[in-house]
Amino acid sequence: MTGEMTAEKARAAAWFRELRDTIVAAFEELEESHAEGPFAAAEPGRFEVRATSRTSEDGSDAGGGLMSVMRGGRVFEKVGVNISEVYGTLSQVAQASMAARGVPGIEENPRFWASGISLVAHMQNPHVPAVHMNTRMFWTPGAWWFGGGSDLNPCIEYDEDTGHFHATQKAWLDPHGAGEYPRLKAWADEYFYIPHRRRARGVGGIFMDDQNSGSWEADFALTRDIGRAFLPAFVPLVEKRRRMQFGEAEKDAQLIHRGLYAEYNLVYDRGTKFGLATSHDPEAVLMSLPPMAKWV
């Protein structure tokens, strides 16, 4: 048994909120500083923020979160940065899924608590890559674990951008052990794969799930550094590409690539499935979907 872990839960939830605030401020600064190139004449985007809530089947409080979405900005066509802290009793379907993954005691005591941050950015300029990041902590009376990561999703690939994204993540993970970056990179390559398309949805990144080394402090530190790596891995790519000119062919490639992203998130993404299965706010759960996409 894990105990209630009240202090650890509070620390994790507070960190996800702190990371959310840092990212939102950085993204609004990118909007303000975009003074030349495509979309520079538009008004800088701002996040619209609203609270989300969740209720149990009996109508009792089951947690919620904060949904922050920017639409139609100079740099970001649509970006969401959501945080949540939810709790209650897992459904029969969720219990079966957890039991199949080896979570002990879930059928006898199906209480749970989960908190995390989830981010997806779809960009105005096709030369600027889309990106995803999430980290989370999950608790049940019999187990706890961390999960998440980040991955880059360009429709127009630049080898130097891919190299920077991965090198930055490696630099943040190396202090946790020389094997951590290769392990999490391989996991991302497997997880962010679209079987029915027989291809990856992007150029990879890092990912982990069911992370429980036996040391909550060590795993929390790893989770924090996955989050801290995000802005230095991504923002320089935005600054490099956002002023580039593009035409109809590049925009068409972007819309087609977004179709792949939507397919993956609706069919395979574990977080999307969990959010919908636990009756969380569907707008928050489906925030990751692009504003426009195309199938040919």
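Residues numbered from 1 in each chain as written. Predicted model: local features only at pLDDT ≥ 70, side-chain atom pairs only at ≥ 80, totals over all residues. Heavy atoms only, no water.

**Student:** What is the right way to read the packing of aromatic side chains from this model?
**Tutor:** Following the criterion strictly, the structure yields 18 aromatic pairs and no others. Both rings, one in Phe 112 and one in Phe 138, keep their centres 5.7 Å apart while their planes meet at 15°; by these two values the pair is stacked. Of this pair, Phe 112 sits in strand 4 (residues 111-123) while Phe 138 sits in strand 5 (residues 130-140), placing them 26 residues apart in sequence. Where Phe 138 meets Trp 145, the ring centres are 4.9 Å apart and the plane angle is 15°; that geometry is what we call stacked. Overall, the relative accessible area of 7% leaves Phe 138 in the buried class. According to the relative accessible area criterion, Trp 145 is buried, its value standing at 6%. (Phe/Tyr/Trp six-rings, centres within 6.5 Å; stacked < 30°, edge-to-face > 60°. Helix = DSSP H or I, 4+ residues; strand = E, 2+ residues; numbered from the N terminus. Buried < 20%, exposed > 50% of the residue type's maximum accessible area, 1.4 Å probe, protein only.)

**Student:** How should I be thinking about the side chain of Gln 124 in this particular structure?
**Tutor:** Along the chain, Gln 124 falls in the loop between strand 4 and strand 5. Engagement of the side chain of Gln 124 in a polar contact is seen with the backbone oxygen of Gly 73, the distance being 2.8 Å. (Polar contact = N/O pair within 3.5 Å; in protein donor to acceptor, adjacent residues only side chain to side chain.)

**Student:** Is there a simple way to explain empty space enclosed by the protein in this structure?
**Tutor:** The full count for this structure, using the stated rule, is 3 cavities of 30 Å³ or more. Roughly 100 Å³ of internal volume is contained in the largest cavity. Listing elements by their share of the lining of the largest cavity, those giving two or more residues are strand 4 and helix 7 (248-267). Of the residues belonging to the lining of the largest cavity, the class tally is 8 nonpolar, 4 polar and 1 charged. (1 Å grid on protein atoms, 1.4 Å probe; cavity = no way out; pocket = protein on both sides within 12 Å on 5 of 7 lines; lining within 4 Å. Points joined across faces, edges and corners; volume = space filled by probe spheres on them. Nonpolar A, V, L, I, M, F, W, Y, C, P; charged D, E, K, R; others polar.)

**Student:** Teacher, can you tell me more about helix 5 (residues 216-228) here?
**Tutor:** Because an α-helix packs 3.6 residues into every turn, residues spaced three or four apart end up facing the same way. Between its terminal C-alpha atoms helix 5 stretches 18 Å, which fits the 18 Å expected from 13 residues at 1.5 Å a residue. Counting buried residues along helix 5, 10 of its 13 residues qualify, which places the element largely inside the surrounding structure. Taken as a whole, helix 5 has its buried residues at Trp 216, Asp 219, Phe 220, Ala 221, Leu 222, Thr 223, Arg 224, Asp 225, Ile 226 and Gly 227. (Expected span 1.5 Å × (residues − 1).)

**Student:** Explain the pattern of salt bridges to me, please; I cannot follow it from the model alone.
**Tutor:** Think of it this way: side chains of opposite charge can pair up when their charged atoms draw near. Counting across every chain of the model gives 21 salt bridges. With a closest N to O distance of 3.0 Å, Glu 160 and Arg 241 form a salt bridge. Remark: Arg 241 occurs in helix 6 (residues 230-241) and Glu 160 occurs in helix 3 (residues 159-173); sequence separation between them is 81 residues. Given a relative accessible area of 45%, Glu 160 falls into the partly exposed group. On the basis of relative accessibility, which here comes to 7%, the residue Arg 241 falls in the buried class. Residues joined by salt bridges that share partners form a network here, namely Arg 101, Arg 136, Asp 209 and Asp 210. (Salt bridge = Lys/Arg side-chain N within 4 Å of Asp/Glu carboxyl O.)

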